[in-house]
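What the coordinates show
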Amino acid sequence: MLHILEHSLEDLIPMLPFLFLTYLLMEYIEHRNNQKFENLLARTQKLGPLIGSLLGIIPQCGFSVIASGLYMNQSISLGTLLAVFIATSDDAIPILIAQPKQAQTLFVIIGLKIIVAIVVGYLVDGLIQSHRLSNNHSLHDIHEHCKEEEHGHGIIYLALLHTFKIFVFVFIVNFVLTWLIEEIGADTLNYILVHGSIFQPVIAALTGFIPNCAASVILSQLYLDQVLSFGSLFAGLMTSTGLGLLVLLRMYDNKKDILRIVLIMFVSATIIGIFLQLF
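Attention here is on the structure that accompanies the text. Keep in mind the model is a prediction, meaning the values are calculated, not measured.

Time to look at the overall build of the protein. In terms of helices and strands, the protein carries 15 helices and zero strands. Sequence-distant contacts in the protein: of pairs separated by 6 or more residues, those separated by 24 or more amount to 85%. Carbon together with sulfur atoms contributes 67% to the accessible area of the protein, which is approximately 13,100 Å² in total.

Below is the structure:
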């Protein structure tokens, strides 16, 4: 058990400075530009899915929360909301940035996510008529979902806090995976997670719906440990919306519309994940 602990720390400690610098940049962007991005999304209806995909790729909870609020306020289309959700990767990007050997994988994920988000966004807007929503919600109230932990602290403190939380979580996931591989064997773990099967992207897509950083952290670590395929990782990250979906579940009364959003994301993620798995 002690050697597993030492091995996990040796693997993860070098990623700390990368994580901190990434989260420091993310906190700076979130504190300085949220209002500008919010106005940009609301005012550019025809370019909504395009702009939404580019904003969503920035790894922070703010944009998916903003998109949820604007959607409930009837300010953006369903396609724009889906583009932001699909492009969002939550904490997967910081974790991959902290692994220099995964640079190519990171760029491929970012590029594919932007393309898929744009295509799905415009396709949905073209096929589904925009509808008027019955409940308006204050964007100020919605922003609180992403700011509950701030309590007036500066961006350095928040970046350190986020870095510590993610480091601890990644360490726990890595420790457990290493222990499982030693106890039950890599082949058994691969069998449980249907490694190499077209069903693995389906499981990963369902995992991505966990409404916090846990899903993207787990998926990223499983991929780094070569348990998940690239197709499965991508499927899971397509459905990983940060806090955006959680905001809808808590504050949006139209549950049928939420179900439609979930189904569109799940079907899209599964199809693309299986395609990448096969080809």
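Turning our attention to the packing of aromatic side chains. Counting across every chain of the model gives four aromatic pairs. Considering the side-chain rings of Y223 and F230, the 6.4 Å spacing of their centres and the 65° angle between planes classify their relative orientation as edge-to-face. Among the aromatic side chains, those forming a connected cluster through ring pairs are Y223, F230 and F234.

Looking now at the nonpolar core. Counting residues in hydrophobic clusters, the biggest one holds 39 residues, and the most contacted among them are Y71, L78, L81, L82, L248 and I261. Sorting the residues of this core by element identifies α3 (48-56), α4 (62-72), α5 (78-87), α7 (103-127), α13 (230-238), α14 (244-251) and α15 (255-278) as the ones contributing at least two each. Leaving out residues up to four positions away in the same chain, L78 has contacts with Y71, V124, D125, I128, R260, I261 and I264.

Every buried residue of helix α11 (residues 200-208) is accounted for by Q200, P201, A204, A205 and G208. Each buried residue of α11 lies within a common arc of 135° when the element is viewed along its axis, so the set occupies one face.

Side-chain pairing between opposite charges can occur once the charged atoms of the two side chains come close. Scanning the entire structure with this criterion turns up one salt bridge. As a salt-bridge pair, R260 and D257 come within 2.7 Å of each other at their nearest N and O atoms. Of this pair, R260 and D257 are both found in helix α15, three residues apart, which corresponds to roughly one turn of the helix. For D257, a relative accessible area of 4% corresponds to the buried category.

Attention shifts here to the packing of α13 against α15. Put simply, α13 and α15 touch, their axes get as near as 7 Å, and they point 165° apart. The pairing of α13 with α15 is recorded here as roughly antiparallel in orientation. Here the hand of the crossing between α13 and α15 comes out right-handed. Every residue of α15 that contacts α13 at F230, G231, S232, F234, A235 and M238 is listed here: M265, S268, A269, I272, G273, L276 and Q277. Taken together, the residues of the contact of α13 with α15 sort by class into eight nonpolar, five polar and no charged.

This paragraph deals with the environment of Y191. Tracing the backbone shows Y191 in helix α10 (residues 186-192). Using a relative accessible area of 69% as the deciding quantity, one classes Y191 as exposed. The spatial distance from the C-alpha of Y191 to the C-alpha of V227 is 9.8 Å, given a sequence separation of 36 residues.

This paragraph deals with a nonpolar patch on the surface. Residues I198, F199, F275, L278 and F279 make up a contiguous nonpolar surface patch of about 610 Å² in total accessible area. Within the element layout of this structure, F199 appears in the loop between α10 and α11. On the basis of relative accessibility, which here comes to 55%, the residue F199 falls in the exposed class.

Another point: unusual backbone geometry. Here Q226, not a glycine, exhibits a phi torsion of approximately 65°, which is positive. Here Q226 is to be found in the loop between α12 (213-224) and α13. The exposure class assigned to Q226 is exposed, which follows from its relative accessible area of 65%.

α13 packs onto α11 with a crossing angle of 30° between their chain directions and a minimal axis gap of 7 Å. Here α13 runs roughly parallel to α11, going by the angle between their axes. Of the two elements, α11 crosses α13, and the hand of that crossing is right-handed. Residues Q200, P201, A204, A205 and G208 of α11 lie in contact with α13, whose contacting residues are G231, S232, A235 and G236.

A few words now on the environment of L21. Structurally, the position occupied by L21 is in helix α2 (residues 16-43). Here the alpha-carbon distance between L21 and T163, two residues 142 residues apart in the chain, equals 9.1 Å.

So, how was this worked out
Residue positions are given per chain, counted from 1 along the sequence in the order it is written. Residues qualify for local features only when their pLDDT is at least 70, as the model is predicted, and side-chain atom pairs are given and counted only at 80 or more; totals for whole chains, interfaces and linings, by contrast, use all residues. Only heavy atoms go into the side-chain values, all of them from the structure, while hydrogens and water stay out. Under the DSSP-based scheme used, a helix requires at least four consecutive residues in state H or I and a strand at least two consecutive residues in state E, with every element numbered from the N terminus. Throughout, a contact is declared for two residues whenever any of their heavy atoms are within 4.5 Å. Each accessible area is a Shrake-Rupley result for a 1.4 Å probe, and residues are judged covered by the shown protein chains and nothing else. By convention, a stacked pair of Phe, Tyr or Trp rings (six-membered ring in the case of Trp) has centres within 6.5 Å and planes under 30 degrees apart, an edge-to-face pair has planes over 60 apart, and any other such pair is tilted. Think of a nonpolar core as a cluster: buried Ala, Val, Leu, Ile, Met, Phe, Trp, Tyr and Cys residues, connected wherever their side-chain atoms sit within 4.5 Å. Here the term buried applies to any residue with accessible area under 20% of the maximum for its type, exposed to any over 50%, and partly exposed to those in between, with areas from a 1.4 Å probe on protein chains only. Regarding the arc, it is the one traced by the directions from the helix axis to the C-beta atoms. By definition, a salt bridge exists where a carboxyl oxygen of Asp or Glu is found within 4 Å of a side-chain nitrogen of Lys or Arg. Geometry is summarised by axes, namely lines fitted to C-alpha atoms with helices restricted to the contacting stretch, and by angles between N-to-C directions that run from 0 to 180 degrees. An angle below 35 degrees is treated as roughly parallel, one above 145 as roughly antiparallel, one from 65 to 115 as roughly perpendicular, and anything else as oblique. By definition, turning the near helix anticlockwise from the far helix through less than a right angle yields a left-handed crossing, and turning it clockwise yields a right-handed one. Each residue receives one of three labels: charged for Asp, Glu, Lys and Arg, nonpolar for Ala, Val, Leu, Ile, Met, Phe, Trp, Tyr, Cys and Pro, and polar for the others, Gly being one of them. Like-charged residues within 9 Å of one another, or nonpolar side chains (Val, Leu, Ile, Met, Phe, Trp, Tyr) within 5 Å, are grouped into patches, provided each residue has over 30% relative accessible area and no salt bridge.

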